[in-house]
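What follows is each chain in one-letter form.
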Amino acid sequence: MSRIAYVNGQYIPHNQASVHIEDRGYQFADGVYEVIPIVAGKMIDEAGHLDRLWRSMDELRIEAPMKRHPMQLVMREVLRQNGIETGLIYMQVTRGVAPRDHPFPQDADSSLVMTAKRTSMAKSMKKAEEGVAVVTVPDIRWKRCDIKSVSLLPNILAKQEAVEKGAQEAFQVDEEGQVTEGSSTNAWIVQQDGTLVTRPTNNDILAGITRAALLELLEEKGFKVSLRSFSVEELKSAREVFFTSSSSYVQPVIKVDDTIIGNGQPGSISTDLRNVFKEYMEN
Ligand code: PDD
């Protein structure tokens, strides 16, 4: 099945889909996005992702390109035309096309692009069973990391550093030495006493949809959770480390910089939570 993209009202073969050179997303990174996981043909936490998309648009005063319900119809059509059972849908809204000038254009219509891709649950499960390495990097981002903006330069530099060091993810660290979040994931530790720790949401991090869903599951199951920031020292001496996102679900970490976490195998709590989350997505 060939890939189809949605671009401002049209369904176009993926390899022919394009936007104007003066789209403000292209020139200014003046746009926002969402990535939604698809498991067993079903979108996971669609409402949460759409709420966050609307919040991101509102915070930047980007007008929604269409109302919520029609957008949901487009999302379904993109999935149908791409025949996705397990994968990701990517949606991006920008402030639209206008002659390059910093202030908001007076009469540009916002742009909407959607793509979808297949992913492999088997590959993802293998990575979870093996565990991955992360590196720590300084958090050099702006003060509105709560907005899911397409302006991702610090994040891609962080991820590139991880890749160059043979790691899967980079955990960003603020000026106080506290971990903020991964370059495209939320960071978690399990303390020696079994308490799960993740940073509370404010402008310093993205309010991850996976993070929120996992917090609810943890509450249901009676886990002890502490919403607080944690230092690099705590990270490296944690019983377990993992990260969450729409594309990685719950991913155990076995190494941070040069420090081996636990016995160098994915921890039992992270592994259980990974399975709990998989079940949540599949049901
Ligand atoms: N990234 N933090 C950042 C900086 C992110 O970019 C993401 C998501 C997350 C996790 O959020 P969620 O659980 O809602 O996916 C945290 C997406 C997957 C991406 O950029 O591809």
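Residues numbered from 1 in each chain as written. Predicted model: local features only at pLDDT ≥ 70, side-chain atom pairs only at ≥ 80, totals over all residues. Heavy atoms only, no water.

Student: Which parts of the structure should I look at to understand the domain arrangement of the protein chain?
Tutor: Frequently, the measure chosen for interface size is the accessible area removed from exposure when the parts meet. Each assigned domain of the protein chain is listed with its residue range as follows: domain 1 (4-118) and domain 2 (124-282). Look at where the C-alpha atoms of domain 1 and domain 2 centre, and you get two points 26 Å apart. Taken together, the 22 residues of domain 1 in the interface contact 20 residues of domain 2. Of the roughly 1800 Å² buried where domain 1 meets domain 2, counting both sides, 61% is carbon and sulfur surface. Contact with domain 2 buries area across many residues of domain 1, yet Tyr33, Asp45 and Arg52 alone supply 32% of it, more than any other trio. Put simply, domain 1 and domain 2 have two salt bridges between them. Notably, a salt bridge pairs Asp146 with Arg55, separated by 2.9 Å at the nearest N-O pair. Taken together, domain 1 and domain 2 are joined by nine residue pairs in polar contact (both at pLDDT 80 or more). Those elements that provide at least two residues to the side of domain 1 that touches domain 2 are strand E3 (31-39), helix H2 (46-60) and strand E5 (87-94). Looking at side-chain class alone, the side of domain 1 that touches domain 2 contains 10 nonpolar, six polar and six charged residues. (Domains from an automatic or database assignment. Contact = heavy atoms within 4.5 Å. Buried area = accessible area lost by both parts, 1.4 Å probe. Salt bridge = Lys/Arg side-chain N within 4 Å of Asp/Glu carboxyl O. Polar contact = N/O pair within 3.5 Å; in protein donor to acceptor, adjacent residues only side chain to side chain. Helix = DSSP H or I, 4+ residues; strand = E, 2+ residues; numbered from the N terminus. Nonpolar A, V, L, I, M, F, W, Y, C, P; charged D, E, K, R; others polar.)

Student: In this structure, what is going on with the packing of helix H4 (residues 121-130) against helix H8 (residues 268-282)? I would like to understand it.
Tutor: At a closest axis distance of 12 Å, the pairing of H4 and H8 adopts a crossing angle of 160°. When the interaxial angle is binned, H4 and H8 end up roughly antiparallel. Crossing geometry of H4 relative to H8 is assigned as right-handed. For the pair formed by H4 and H8, the contact residues are Met121, Ser124, Met125 and Ala128 on the first element and Arg274, Asn275, Lys278 and Met281 on the second. (Axes fitted to C-alpha atoms, helices over the stretch in contact; angles between N-to-C directions. Parallel < 35°, antiparallel > 145°, perpendicular 65-115°, else oblique. Left-handed = near helix turned anticlockwise from the far one by under 90°.)

Student: Hey, could you run me through the site of the ligand in this one?
Tutor: The full set close to the ligand counts 20 residues, and Tyr33, Glu181, Ile209, Thr210 and Ser246 are the nearest of them. Note that a nitrogen atom of the ligand is positioned 2.7 Å from one of the side-chain N or O atoms of Glu181. Within the contact set of the ligand, a nitrogen atom lies 3.2 Å away from a backbone nitrogen or oxygen of Ser184. Burial of the ligand by the protein chains amounts to 90% of its free accessible area of 470 Å². Mapped onto the shell around the ligand, the elements with two or more residues apiece are E3, H2, strand E9 (179-182), helix H6 (209-220) and strand E13 (240-245). (Near = heavy atom within 4 Å. Areas by Shrake-Rupley, 256 points an atom, 1.4 Å probe, with all protein chains shown as cover.)

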